[in-house]
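The primary structure of each chain is shown beneath.
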Amino acid sequence: MSVPIHLPAPAAIALALAVPEYAEPAHFSAVSMAVLALLIVVSAVLFWSRFGKVVKVLRQAKPDADFSLHPVGKRVWDFFREVICQSKVIQERPIPGLAHAFVFWGFLAFALVSLNHFATGFNLGFLSSHGVFGEFYFYFAAVFALMVTVGITWLFIRRFFLRPKWLGAKLSYESGVIAGLIFLLMATYLAGFFTPPGSAAALALWWVHALTILVFLPLIPHTKHLHLMLAPFTIFLSRGEFSRIPPLVGDEDFGLVTGRDITKLAALQAYSCVECGRCTEHCPANNTGKELNPKQIVLGLRGFLNDLGPGSEEPVVDGKHETLTSIFQCTTCGACEYQCPVGIEHVPLIVGMRRGTVNTGVWEDEYGGKLFNTLERNGNALGMSAMERDKFIQKEELPIFDGTQEYCLWLGCMGAYDPQGREIVASFAKVMRHMDASFGVLKKERCTGDPVRRLGNDLLFQTLAEQNIENIQKQNVKKIVTICPHCVRTMAKDWQEFGGVTAEIEHHSEFMARHQHLLPQTGSDETIVYHDPCYLGRYRGSYEEAREVLARSGKVVNPPRSHERSFCCGAGGGLVFLGEEQGDRVSHTRARELTATGAKIVGAACPFCNTMFRDALAATSDAPPQLLDIAQIAARSIEGEGATPDA
């Protein structure tokens with residue numbers, strides 16, 4: 001970063017300050033240039049001594065077999081939006097986000113000034129305050145220097161004095177050193193506008209500025225500030241879609257078992273963590289007193305790579321770097337991944353570790369084992385006979401899909417076997433009939449495999465997926481609609497690993513929103529608080545459709561955490577089928593938020609959310625709000641206007 005050689009008379013252009021001319025030494029001696037060259041070499045060697053090891057780890061890590069750069073256009077746009085514009089950094093934490101963005105933009109602005117600074121040290125400076133461009137750029141950089149100074153000061157105060165709990169209890173003194181160096185860089189640059197040209201003070205400022213850069217450079221790869229170099233690559237080289245679980249490749253791939261199974265993307269993400277704690281702040285498990293901390297999952301993987309390397313035969317989940325308890329407390333809600341400003345994909349990492357322990361028999365859990373056996377024998381997660389599904393279909397007079405109907409109504413485990421889930425299906429069938437939509441249900445269904453996919457049992461998931469795919473293709477299904485967002489995600493995305501289906505797949509909220517003009521507008525002022533399901537919101541990006549449907553039956557209000565920041569119900573990741581939770585129950589925490597809105601009705605759009613909130617809402621109050629699915633609310637409105645189920 002260079003101190004301007006000359007300030008013209010109209011200095012007020014950028015800083016509105018009238019200051020005397022200031023110039024760097026007109027000529028650096030051969031001795032000065034030799035010293036500077038030596039210092040640059042030392043700084044570069046110290047930088048590479050650490051960064052080179054990181055590069056070596058990335059090169060030695062296992063290739064991501066399914067990785068593709070396509071579509072490049074989306075990657076370029078994401079890079080521009082998230083890296084250059086710092087959109088996610090600012091959007092999710094506006095005040096500290098802006099402070100961080102100022103620092104980042106300041107570094108971009110100072111790149112040219114810094115190059116000129118060192119070029120000047122060899123009498124090769126290419127920016128001159130006597131020229132129009134140089135004059136403009138020195139003041140342009142000064143504006144950013146002021147913003148960086150403000151930003152880094154705020155970040156320092158926040159980290160060392162305000163200290164949000166998700167940053168962790170341990171103070172990072174290295175962050176204080178880095179903040180001090182950045183502040184010193186800005187101070188020495190701005191001081192140049194007030195230093196007499198050709199003075200000893202000007203020369204001292206130049207050297208302090210140069211030495212600060214040369215000290216800062218080798219510290220980057222030794223601290224969390226390594227993300228300055230790696231995060232842009234992490235964001236550009238993402239897996240391409242939210243929480244995408246990569247396929248296993250070959251008979252010897254069991255998931256993330258040992259160091260040899262760590263892929264290049266996983267290693268890159270581990271070294272990119274900025275330790276900001278956003279993932280921890282929004283993690284439902286961590287928020288309710290559980291061991292899981294998404295930040296520590298990533299840092300644990302980084303520690304494993306540093307300690308043992310990517311070629312190690314030691315298990316990744318070794319109790320030191322990663323623990324079984326923590327990885328099986330994840331609801332796979334994706335809040336961590338959505339919040340991460342540097343593109344880390346936590347859920348695929350956690351599922352990868354689950355795979356490694358489940359597929360090799362390391363994880364032994366009574367409830368998990370029972371779930372696996374139940375799905376193998378009965379084909380549904382509730383362990384009931386298929387005859388019970390047939391009885392329900394006959395009772396509700398649901399037509400069997402024969403290829404002539406437009407829609408296949410996918411019941412799913414909850415819709416076919418759970419009593420409340422059946423009520424939701426029955427209500428949605430009424431809505432479809434009211435809309436005159438032709439539909440039928442399959443004679444046979446098996447679980448889509450969502451819970452075992454998230455728990456890491458790939459063999460069982462493959463069996464369920466292939467059986468369902470074959471059945472759906474055989475029945476020539478063109479359109480599928482279901483009440484379960486977990487089924488939507490699994491069928492639309494996870495099944496693709498085994499060929500997938502050609503049918504269009506949508507959630508019932510999306511179906512009703514498209515045909516909402518056929519739903520009655522009740523004009524009721526009854527308040528309905530809507531809970532965004534994780535697998536409908538963050539996973540599918542569907543937020544407004546359900547609200548549009550509910551708005552026809554009442555006044556929709558939002559809980560404190562909604563839309564992209566919605567708090568999980570606690571069912572995802574297969575946890576609804578496992579044992580009791582450590583700490584507070586996730587569902588109870590969310591239920592208290594929903595009840596606190598004062599709404600008379602809680603609107604749900606996922607049968608798993610419905611299951612979790614039944615007891616949780618009752619525990620929050622003696623007179624809890626009524627829990628209804630959006631299909632039940634819509635059906636009630638239809639009945640209220642006098643329409644018959646077959647209208």
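Residues numbered from 1 in each chain as written. Predicted model: local features only at pLDDT ≥ 70, side-chain atom pairs only at ≥ 80, totals over all residues. Heavy atoms only, no water.

## Some details on the nonpolar core
Phase 1 of the analysis: By size, the foremost hydrophobic cluster in this structure holds 87 residues, and its most contacted members are Ile 262, Leu 375, Trp 410, Ile 472, Val 477, Ile 480 and Trp 495.
Phase 2 of the analysis: Once you skip the residues sitting within four places of it in the chain, Ile 480 turns out to touch Cys 408, Trp 410, Ile 472, Met 491, Ala 503, Glu 504, Ile 505 and Glu 506. (Core = buried A, V, L, I, M, F, W, Y, C linked by side-chain atoms within 4.5 Å. Buried < 20%, exposed > 50% of the residue type's maximum accessible area, 1.4 Å probe, protein only. Contact = heavy atoms within 4.5 Å.)

## Points about the packing of aromatic side chains
Phase 1 of the analysis: All told, the structure shown has 26 aromatic pairs when counted by the stated rule.
Phase 2 of the analysis: An angle of 80° between the planes, with centres 6.3 Å apart, marks the rings of Trp 410 and Trp 495 as edge-to-face. Of the two residues, Trp 410 is situated in strand 1 (residues 407-410) and Trp 495 in the loop between helix 22 (485-492) and strand 4 (504-507); the sequence distance between them amounts to 85 residues. Across the pair, exposure class does not vary: Trp 410 and Trp 495 are buried alike.
Phase 3 of the analysis: Taken together, Phe 133, Phe 136, Tyr 137, Phe 140 and Phe 144 form an aromatic cluster joined through their ring pairs.
Phase 4 of the analysis: Here Lys 88 stacks its cationic end above the ring of Tyr 338, 5.5 Å away from the centre of that ring.
Phase 5 of the analysis: Lying across the ring of Phe 567, Arg 561 places its NZ or CZ 4.0 Å from the centre. (Phe/Tyr/Trp six-rings, centres within 6.5 Å; stacked < 30°, edge-to-face > 60°. Helix = DSSP H or I, 4+ residues; strand = E, 2+ residues; numbered from the N terminus. Lys NZ or Arg CZ within 6 Å of the ring centre and 35° of its normal.)

## A look at the side chain of Thr 234
Phase 1 of the analysis: Considering the arrangement of structural elements, one finds Thr 234 in helix 8 (residues 227-236).
Phase 2 of the analysis: On the basis of relative accessible area, Thr 234 is assigned to the buried category, the value being 2%.
Phase 3 of the analysis: Those residues in contact with Thr 234 that sit more than four places away from it in its chain are Leu 268, Gln 269, Ser 272, Val 342, Gly 343 and Ile 344.

## Quick look at the sheet that holds strand 4
Phase 1 of the analysis: As summarised here, the arrangement of the four strands in space is 2-1-3-4, forming an open sheet in which the pairing is parallel. Two strands lie at the open edges of the sheet, namely strand 2 (439-440) and strand 4, each paired on one side alone.
Phase 2 of the analysis: Contacting strand 1, strand 3 (479-482) and strand 4, helix 22 runs over the sheet at an angle of about 160° to strand 4. (Pairing = 2+ DSSP bridges. Axes fitted to C-alpha atoms, helices over the stretch in contact; angles between N-to-C directions.)

## Topic: the side chain of Arg 355
Phase 1 of the analysis: Assignment of secondary structure puts Arg 355 in helix 15 (residues 346-358).
Phase 2 of the analysis: Its relative accessible area of 3% is what places Arg 355 among the buried residues.
Phase 3 of the analysis: Each residue touching Arg 355, except ones within four places of it in the same chain, is listed here: Ile 245, Pro 246, Pro 247, Leu 248, Phe 254, Gly 255, Thr 360, Arg 453, Gly 456, Asp 458 and Glu 497.

## Here's the deal with the pattern of salt bridges
Phase 1 of the analysis: Applying the stated criterion to the full structure yields 32 salt bridges.
Phase 2 of the analysis: Glu 580 is paired through a salt bridge with Arg 585; the nearest N and O atoms lie 2.9 Å apart.
Phase 3 of the analysis: Residue class for Arg 585 comes out partly exposed when judged on its relative accessible area of 26%. (Salt bridge = Lys/Arg side-chain N within 4 Å of Asp/Glu carboxyl O.)

## Considering the environment of Ser 524
Phase 1 of the analysis: Locating Ser 524 in the fold gives a position in the loop between helix 23 (508-514) and strand 5 (527-530).
Phase 2 of the analysis: Looking at Ser 524, the relative accessible area reads 31%, which means it is partly exposed.
Phase 3 of the analysis: In the structure, Ser 524 is positioned 190 residues away from Gly 334 in sequence and 35 Å away in space, judged by C-alpha atoms.
Phase 4 of the analysis: When neighbours within four sequence positions are excluded, Ser 524 is seen to be in contact with Ser 553, Gly 554 and Lys 555.
Phase 5 of the analysis: Polar side-chain contacts of Ser 524 include one of 3.0 Å to the backbone nitrogen of Glu 526. (Polar contact = N/O pair within 3.5 Å; in protein donor to acceptor, adjacent residues only side chain to side chain.)

## Points about helix 8
Phase 1 of the analysis: Buried within helix 8 are the following residues: His 227, Leu 230, Ala 231, Pro 232, Thr 234 and Ile 235.
Phase 2 of the analysis: Buried-residue contacts for helix 8 involve helix 1 (30-60), helix 2 (72-84), helix 4 (94-121) and helix 9 (264-272).

## Some points on the domain arrangement of the protein
Phase 1 of the analysis: The domain architecture assigned to the protein consists of domain 1 (19-229), domain 2 (259-358), domain 3 (381-514) and domain 4 (518-643).
Phase 2 of the analysis: On a C-alpha basis, the centres of domain 2 and domain 4 stand 30 Å from each other.
Phase 3 of the analysis: Counting from both sides, the interface comprises 20 residues of domain 2 and, opposite them, 21 residues of domain 4.
Phase 4 of the analysis: In total, about 1500 Å² of surface goes out of reach between domain 2 and domain 4, with carbon and sulfur atoms giving 56% of it.
Phase 5 of the analysis: Our count for the contact surface shared by domain 2 and domain 4 stands at one salt bridge.
Phase 6 of the analysis: With a closest N to O distance of 2.9 Å, Glu 581 and Lys 290 form a salt bridge.
Phase 7 of the analysis: Viewed at the interface, domain 4 and domain 2 are joined by 12 residue pairs in polar contact (both at pLDDT 80 or more).
Phase 8 of the analysis: Of all the secondary-structure elements, those providing two or more residues to the side of domain 2 that touches domain 4 are helix 11 (284-287), helix 14 (335-339) and helix 15.
Phase 9 of the analysis: If you tally residues by element for the side of domain 2 that touches domain 4, the top one is helix 14, at three residues.
Phase 10 of the analysis: Residue classes in the side of domain 2 that touches domain 4 are distributed as seven nonpolar, 10 polar and three charged. (Domains from an automatic or database assignment. Buried area = accessible area lost by both parts, 1.4 Å probe. Nonpolar A, V, L, I, M, F, W, Y, C, P; charged D, E, K, R; others polar.)

## Some points on unusual backbone geometry
Phase 1 of the analysis: The linkage connecting His 70 with the following residue, Pro 71, adopts the cis geometry, with an omega of -5°.
Phase 2 of the analysis: One can find Pro 71 in the loop between helix 1 and helix 2.
Phase 3 of the analysis: Positive phi values are uncommon outside glycine, yet Ser 243 reaches one of about 50°.
Phase 4 of the analysis: The residue Ser 243 is located in the loop between helix 8 and helix 9 in this model.
Phase 5 of the analysis: For Thr 332, which is not glycine, the phi torsion reads 55° and is therefore positive.
Phase 6 of the analysis: Along the chain, the position of Thr 332 falls in the loop between helix 13 (324-327) and helix 14.

## Some details on the environment of Ser 272
Phase 1 of the analysis: Its place among the elements puts Ser 272 in helix 9.
Phase 2 of the analysis: On the accessibility criterion, Ser 272 (0% relative accessible area) is buried.
Phase 3 of the analysis: Along the backbone, Ser 272 and Lys 170 are 102 residues apart, and their C-alpha atoms lie at a distance of 20 Å.
Phase 4 of the analysis: Those residues in contact with Ser 272 that lie beyond four places of it in its chain are His 227, Leu 230, Ala 231, Thr 234, Arg 302, Val 342 and Ile 344.
Phase 5 of the analysis: A distance of 2.7 Å separates a polar side-chain atom of Ser 272 from the backbone oxygen of Leu 268.

## Section: the confidence of the model for the protein
Phase 1 of the analysis: In the predicted model, the protein carries a mean pLDDT of 92, and the fraction of residues at 70 or more is 94%.
Phase 2 of the analysis: pLDDT under 50 marks residues 1-23. Its contacts with residues more than four places away, or in other chains, come to 79 contacts.
Phase 3 of the analysis: Low confidence marks residues 642-647, where pLDDT is under 50. Its contacts with residues over four positions away, or in another chain, come to eight contacts. (pLDDT = per-residue confidence, 0-100.)

## What to know about helix 16 (residues 366-378)
Phase 1 of the analysis: For helix 16, spanning 13 residues, the distance from its first C-alpha to its last is 18 Å, which sits close to the expected 18 Å at 1.5 Å a residue.
Phase 2 of the analysis: Along helix 16, the residues classified as buried are Gly 368, Leu 371, Phe 372, Thr 374 and Leu 375. Burial along helix 16 is one-sided: seen end-on, the buried residues are contained in an arc of 160°. Exposed side chains of helix 16 directed beyond 90 degrees from the buried face belong to Glu 366, Lys 370 and Arg 377.
Phase 3 of the analysis: Sitting at the head of helix 16, Asp 365 places a side-chain oxygen 3.0 Å from the backbone nitrogen of Tyr 367.
Phase 4 of the analysis: Downstream of helix 16 by one or two residues, Gly 379 has phi in the positive range, about 80°. (Expected span 1.5 Å × (residues − 1). Arc of directions from axis to C-beta.)

## So, the pairing of strand 1
Phase 1 of the analysis: Of the two faces of strand 1, the one carrying Tyr 407 and Leu 409 and the one carrying Cys 408 and Trp 410 are both buried.
Phase 2 of the analysis: When strand 1 meets strand 2, the two strands line up parallel, connected through two bridges. Residue pairing across strands places Cys 408 opposite Gly 440, the latter belonging to strand 2.
Phase 3 of the analysis: Of the pairings in the sheet, the one linking strand 1 to strand 3 comprises three bridges and is parallel in character. Counterpart to Cys 408 in the pairing with strand 3 is Ile 480.

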